[in-house]
Amino acid sequence: MEHGSLTASDHILATEVKMERYIYDCVWDRIWIARNNDGVERTNEGRGFIQQDKEEFWQLMEYLIELKPQKILEIGNACGGTTLFWQALAPEVYSLDIKPLEGHIPGNYFPNVTFIVGDAHKQETLEEAKVFAPYDFLFIDGDHCTEGVKQDYEMYSPLVRSGGIVGFHDYNHDPVRTFLKKLDGLTVMPMDRFGIAILKVS
Ligand SMILES: C[S@@+](CC[C@H](N)C(=O)[O-])C[C@H]1O[C@@H](n2cnc3c(N)ncnc32)[C@H](O)[C@@H]1O
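Residues numbered from 1 in each chain as written. Predicted model: local features only at pLDDT ≥ 70, side-chain atom pairs only at ≥ 80, totals over all residues.

- If you look the protein chain up in an unreviewed UniProt entry, it shows as O-methyltransferase domain-containing protein from marine sediment metagenome.

In structure tokens:
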């Protein structure tokens, strides 16, 4: 958007996007506050709280701000870093992992998240997630082997409504990419660090 050619509605849009970016920065800072307040010394900066590159993840956020999701499902929360962002975006968040949330972000940071603990590849776990479907956005960041990503996509993408989005993390991880390259219509975020790809559901 050329600055000189902004219309009044463009200005409003630009302001809203700036506000969203401000909130994004605040949530990101909040993760560090949670991280630094538990008195545990850590040497691996960032790892274990959110396994994302901040600017690359923001590029995904821009799509989601436009989507205005009401319900989000994620597969793979690790320490809940990504979960905090879904919660800032949507009133209902469902976060699935084979094990309970790790790490030090306090439980009360997740008022509108339902955690589902189970192996995503098991039918009984899918049944639990089905109860809350359809979802507007699904983020797949669980089992990173080729067959694992394929299975997560094939089992859970049918739970996403038409017009919704499926997001994948770690496109640059070879086993993940081996499967994702087979999908038509994939968009990879231009920042291209871990590699975040999205697919709009038709
Ligand atoms: C890379 S981490 C998720 C990182 C998190 N999304 C973030 O960006 O901070 C992958 C997570 O997937 C979970 N996972 C691996 N295999 C799984 C499976 N079959 N079912 C459910 N969760 C699984 C792991 O326990 C781990 O917490």
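## Regarding helix H2 (residues 54–67)
- Its 14 residues give H2 an end-to-end C-alpha distance of 20 Å, which sits within 8% of 20 Å, the value for a rise of 1.5 Å per residue.
- Regarding H2, the residues found buried are Phe-57, Leu-60 and Leu-64.
- If you follow the buried residues of H2, they end up packed against helix H3 (81–89), strand S4 (135–140), strand S5 (160–169) and strand S7 (196–200).
- Looking at the residues trailing H2, positive phi occurs at Lys-68, about 50 degrees. (Helix = DSSP H or I, 4+ residues; strand = E, 2+ residues; numbered from the N terminus. Expected span 1.5 Å × (residues − 1). Buried ≥ 20, exposed ≤ 12 C-beta atoms within 10 Å, placed from the backbone. Contact = placed C-beta atoms within 7 Å.)

## Quick look at the nonpolar core
- Residues Ile-72, Leu-73, Leu-138, Ile-140, Val-166 and Phe-168 are the most contacted members of the largest nonpolar core, which totals 39 residues.
- Residue contributions to this core peak at five residues, all from S4.
- In this view, Ile-140 contacts Ile-75, Val-149, Asp-152, Tyr-153, Val-166, Gly-167 and Phe-168; residues no more than four positions away in its chain are not counted. (Core = buried A, V, L, I, M, F, W, Y, C linked by C-beta atoms within 7 Å.)

## Looking at the site of the ligand
- Around the ligand there are 19 residues in total, and Gly-76, Ala-78, Ile-98, Ala-120 and Asp-143 lie nearest to it.
- Elements represented by at least two residues in the shell around the ligand include exactly H3 and strand S2 (92–97).
- Each residue belonging to the shell around the ligand can be placed in one class, and the counts come to six nonpolar, eight polar and five charged. (Near = placed C-beta within 6 Å. Nonpolar A, V, L, I, M, F, W, Y, C, P; charged D, E, K, R; others polar.)

## Digging into the pairing of S5
- Of all 10 residues in S5, seven are buried, a share of seventy percent or more.
- Relative to S5, S4 runs parallel, the two being bridged by five bridges. Paired with Ile-140 across the strands is Phe-168, a residue of S5.
- Taken together, S4, helix H5 (residues 146–156) and S5 form a β-α-β motif whose crossover is right-handed.
- Bridging between S5 and S7 involves five bridges; their strand directions are antiparallel. Counterpart to Gly-167 in the pairing with S7 is Ile-198. (Pairing = 2+ DSSP bridges. Right-handed = clockwise from strand over helix to strand, strands pointing away.)

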